Amino acid sequence: AGAEILIGVAGPMTGAFAWFGEQYQRGAGLAVEDLNAEGGVLGQRVELIVGDDFCDPDQAVALARKLVSDGVAFVAGHWCSHSSIPASKVYEEAEILMIAPGAINSMLTDEGGPHVFRVCGRDDRQGTKVADYLADHWAGKKIAILNDGTTFGAGLANGVRRRLRERGVRVAMDETFIPGEEEYSALVSKMQAAGIEVFFVGGYHRETGLILRQAHDRSYDLRLIANSAMATADFPMIAGPGLERTLMVAAADTRKNPEAADVVARF
């Protein structure tokens, strides 16, 4: 009766993606408080173990092994697809339940075993929605698809590219860029020279915001169709005034669900 059930929360708690990690760490902490206030689970208290994987695959695997060694019964994590997928193999081998809050790459659950789940949409679904919108509204315009080469970014871009091809829409520019740079002016210049009018980025908010800002700074009227990773407080600050008229595909804002009002107020 005195034992504790250990739950792991794994994800980017520091670094460029810490905004995501902080969000679901706080949410998990609130859930654990609620569980323990109601007597715990099966008469045992629940204890949270928080681990930082920095959205790095190697660190994610090392963290997964530590959480398994610590004896967790369940892991809420990881966040980035390229860290979630290798970490999931560690949990699967140990027969520990893993539910990813933000990893959308379809390989996570297509290749994962019976202990691997997610609570977010898949990249192929999101890619189809983006491509259908582009085909319906921008078929006669010059479209660019960019991606950062990560598991998440490339997978999402592939979904958009595949659906546009099915819809018979030609892409004017298809580029992979290096994430983590401070300057994307050469990429912006290439898009401007090609006459690109609207673009989609398979990647994260920092680089997407910089590309959009650097286009706006040179008075280049470039429209963005943003993916769900742009739903951060940092993105508008990075992107600047050029963010106006941007469209984003994302899950419905659950904060507006009346059933969540009490939790949102506490959060």
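Keep in mind it's a predicted model, so treat the numbers as computed, not measured. (Residues numbered from 1 in each chain as written. Predicted model: local features only at pLDDT ≥ 70, side-chain atom pairs only at ≥ 80, totals over all residues. Heavy atoms only, no water.)

Quick look at the packing of helix H2 (residues 57-70) against helix H3 (residues 81-94)
- Two elements in contact, H2 and H3, have axes whose closest approach is 8 Å; the angle formed by their N-to-C orientations is 25°. As summarised for this structure, H2 and H3 are arranged roughly parallel, according to the angle between their axes. Crossing handedness for the pair H2 and H3: right-handed. When H2 is examined against H3, the residues Pro-57, Ala-60, Val-61, Ala-64, Arg-65, Leu-67 and Val-68 are found in contact with a partner set consisting of His-82, Ser-83, Pro-86, Ala-87, Val-90, Tyr-91 and Ala-94.
- Here the residues of the contact of H2 with H3 sort into 11 nonpolar, two polar and one charged. (Axes fitted to C-alpha atoms, helices over the stretch in contact; angles between N-to-C directions. Helix = DSSP H or I, 4+ residues; strand = E, 2+ residues; numbered from the N terminus. Parallel < 35°, antiparallel > 145°, perpendicular 65-115°, else oblique. Left-handed = near helix turned anticlockwise from the far one by under 90°. Contact = heavy atoms within 4.5 Å. Nonpolar A, V, L, I, M, F, W, Y, C, P; charged D, E, K, R; others polar.)

Some words on the state of the cysteines
- By the definition in use, this model includes one disulfide.
- Free of any disulfide, Cys-120 has its nearest neighbouring cysteine sulfur in Cys-80, separated by 11 Å. (Disulfide = S-S within 2.5 Å.)

Digging into the sheet that holds strand S3 (residues 74-77)
- The sheet built from five strands is open, its strands ordered S2-S1-S3-S4-S5 with parallel pairing. What marks the edges here is a single partner per strand, and that holds for strand S2 (45-52) and strand S5 (116-118). Across this sheet, the average inter-strand angle for adjacent strands is 20°, counted without regard to direction.
- Sheet topology note: the S3/strand S4 (residues 97-100) ladder contains three bridges and is parallel. Within S4, the position partnered with Val-75 by the bridge is Met-98.
- The sheet strands contacting H2 are strand S1 (4-11), S2 and S3, and the helix crosses S2 at an angle near 155°.
- Its contacts with the sheet place H3 against S1, S3, S4 and S5, and it is angled at close to 160° to S4. (Pairing = 2+ DSSP bridges.)

Overview of the confidence of the model for the protein chain
- Mean pLDDT over the protein chain: 93, with 99% of residues reaching 70 or higher.
- Predicted confidence in the protein chain is weakest over helix H10 (residues 261-266), with a mean pLDDT of 90, and strongest over strand S6 (residues 143-147), with 98. (pLDDT = per-residue confidence, 0-100.)

Details of the environment of Ser-106
- Structurally, Ser-106 can be placed in the loop between S4 and helix H4 (107-110).
- Spatially, the C-alpha atom of Ser-106 lies 23 Å from that of Trp-19, the residues being 87 residues apart in sequence.
- For Ser-106, the contacting residues outside a window of four places in its chain are Arg-118, Arg-122, Asp-123 and Asp-124.

Points about the pattern of salt bridges
- Under the criterion given, the structure shown has 16 salt bridges.
- Its salt-bridge partner being Arg-163, residue Asp-132 comes within 2.8 Å of it at the nearest N-O pair. In this pair, Asp-132 sits in helix H5 (residues 123-137) while Arg-163 sits in helix H6 (residues 151-166), placing the two residues 31 residues apart along the sequence.
- Looking at Asp-132, the relative accessible area reads 19%, which means it is buried.
- Measuring nitrogen to oxygen at the nearest pair gives 3.0 Å for the salt bridge that ties Arg-163 to Glu-166. Here Arg-163 pairs with Glu-166, and both are found in helix H6, just three residues apart, close to one helical turn. (Salt bridge = Lys/Arg side-chain N within 4 Å of Asp/Glu carboxyl O. Buried < 20%, exposed > 50% of the residue type's maximum accessible area, 1.4 Å probe, protein only.)

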